[in-house]
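Fold and geometry: a report
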Amino acid sequence: MDGTTSATPDPDAPLLMGISAFARRVGLAPSALRFYDDCRVLAPAHVDPATGYRSYAPAQEARARLLRGLREAGLALPDVVTVLDGPPERAREVLERHRGALRESGRASDAAIRAVLNSLPGGPDRTLIVLGGAELAGAVRQVAPAAGRDPAHPVLGRVLLEFDEDEVRLVATDRYRLALRTLRPASVTGPPGQVLVEAPELLELGPWAARSAEVTLTAGPAGTPLLVRGSGGAREVAPAEGPYPAYRDMLAAMAALPAPVHRVVVDRAALLAALGACGEAAAVALELGPDRLRVADTELAALCAEPAPVRIGFDPAVLAAALEAGVGPDILLEIPAAPRPALVRSADQGSFTTLVMPVAPPPPGRGTSWNPERTGA
């Protein structure tokens, strides 16, 4: 919803802004405002019960701008909430600690180097892509483990690397999980394209790339190796063949679905520990309730608005792998109506998306040791 609207016909009522208008005023994307609403950090002043459109009041601008500034400064969402809603002495403690961490891990400016790299020539039949070495390594660590290992579907054992003038995307799926990481390159010179790479070979490249402040990827015509240059020299990555699944169609279909039926925000490490306690179980039930999440016999504190308990089944190994690839202390699980995949979102890294297929949950009272049929892929 855009523009300015009134929540009621009362002429004395304050004028409310639609989400797009409010987003422009405070410098937050509409998707970020929806996320912070889902996490109950910045709720709209009014939600239309018929359309679900969110509206915001002018009095909320100060909080939204402070929220944006704290997130731009790199604060984790729990620390942001402490600063916004906690006592001043606790807010001061959080901010001082974060400022000290930033000083210790200070980043050198790369503006001058980026300008030089952008001016390097590139032939019309090849594309030069400049990325942060650690950033590429992190993306490989997040995405490549989602590749399949079934010999009957060899193309799923590969990672798709797509690039254009604005971004680089790494995609992997095993039919039960899909991981997508988007990177913003320092520069791209040349035409858009894509390369398929075997997941094990890409995983070997990751630690090597991490040792360079920046790496340059050179992608040539179809069938030619991907050349990766860093401070430690150069490496060639052999391209793989085969048509890759149309992951964009899946994402488009997800975007066209109604809003998720269930949402829960939970501490990522705590959920990982609870899943680890399930051992070799093939399925585990996540039970959502008012501000809690139960995993088998472990109850976790969570942000959840479910008025009554809801049970959803997952393969604990698949869900844990998705959580391990995430970044930040907390995650948001968005679970649509079955048999659609659940979306695992990170509050600290919107450029990384993971889809995880649910499975049939264990029957109540049967524990977690249960061999369900997967609900689809």
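Up top you'll find the structure we're talking about.
Right, let's walk through the structure included here. Here the structure is a predicted model, which is why all the values come from computation and not from measurement.

**Details of the sheet that holds strand β15 (residues 284-295)**
Taken together, the 10 strands give an open sheet; going across it, the order is β10-β6-β7-β8-β19-β18-β17-β14-β16-β15, and neighbouring strands pair in antiparallel fashion. Unpaired on one side and paired on the other, β10 (193-198) and β15 mark the two borders of the sheet. When the angles between neighbouring strand axes are averaged without regard to direction, this sheet yields 25°. Relative to strand β18 (residues 342-346), strand β17 (residues 330-335) is paired through four bridges, and the arrangement is antiparallel. Residue pairing for β18: Leu332 is matched across the bridge by Arg345. Contacting β6 (158-163), β7 (168-173), β8 (177-183) and β19 (352-356), helix α7 (residues 133-143) runs over the sheet at an angle of about 170° to β8.

**Considering the packing of aromatic side chains**
On inspection of all chains with the given rule, the structure shows two aromatic pairs. Their ring planes at 5° and their centres at 4.5 Å tell us that Phe22 and Tyr56 sit as a pair that is stacked. Within this pair, whereas Phe22 is found in helix α1 (residues 19-26), its partner Tyr56 is found in strand β4 (residues 54-56), the two being separated by 34 residues in sequence. Each member of the pair, Phe22 together with Tyr56, is buried.

**Observations regarding the nonpolar core**
Where a protein is soluble and globular, its nonpolar side chains tend to be buried together. By size, the foremost hydrophobic cluster in this structure holds 46 residues, and its most contacted members are Leu131, Leu136, Val159, Val168, Leu170, Leu217 and Val228. A total of five residues in this core trace back to one element, the largest contributor, which is helix α8 (residues 199-210). Counting residues in each nonpolar core, the second largest holds 30 residues, with Ala281, Cys304, Ala320 and Ile331 among its members.

**Some remarks on the sheet that holds strand β13 (residues 233-237)**
As summarised here, the arrangement of the five strands in space is β9-β5-β11-β12-β13, forming an open sheet in which the pairing is antiparallel. Only two strands of the sheet have a single neighbouring strand rather than two, namely β9 (187-189) and β13. Averaged over all neighbouring strand pairs, the angle between strand axes comes to 20°, with direction disregarded. Pairing between strand β12 (residues 226-230) and β13: five bridges, direction antiparallel. Paired with Arg229 across the bridge in β13 is Ala234. The sheet strands contacting α8 are β11 (214-219), β12 and β13, and the helix crosses β13 at an angle near 165°.

How each quantity is defined
For every chain, the first residue of the written sequence is number 1, and numbering continues from 1 along that sequence. Whole-chain, interface and lining totals are the exception, using all residues; otherwise, since this is a predicted model, local features are given only for residues with pLDDT of at least 70 and side-chain atom pairs are given and counted only at 80 or more. Side-chain metrics rest on all non-hydrogen atoms present in the structure, leaving aside hydrogens and water. Strands are treated as partners if at least two bridges between them are detected by DSSP. Counting from the N terminus, the helices are DSSP H or I runs at least four residues long and the strands are E runs at least two residues long. Where helices are involved, their axes are fitted lines through C-alpha atoms of the stretch in contact, as for all axes, and angles between N-to-C directions lie from 0 to 180°. In what follows, residue pairs with any heavy atoms lying within 4.5 Å of each other are defined as contacts. The criterion for an aromatic pair is that two Phe, Tyr or Trp rings (for Trp, the six-membered ring) have centres within 6.5 Å, with stacked assigned to planes under 30 degrees apart, edge-to-face to planes over 60 apart and tilted to the rest. In this scheme, a residue with accessible area under 20% of its type's maximum is buried, one over 50% is exposed, and one in between is partly exposed, where area comes from a 1.4 Å probe on protein chains only. Joining through side-chain atoms within 4.5 Å is the link that ties buried Ala, Val, Leu, Ile, Met, Phe, Trp, Tyr and Cys residues into a set, and such a set is a nonpolar core.

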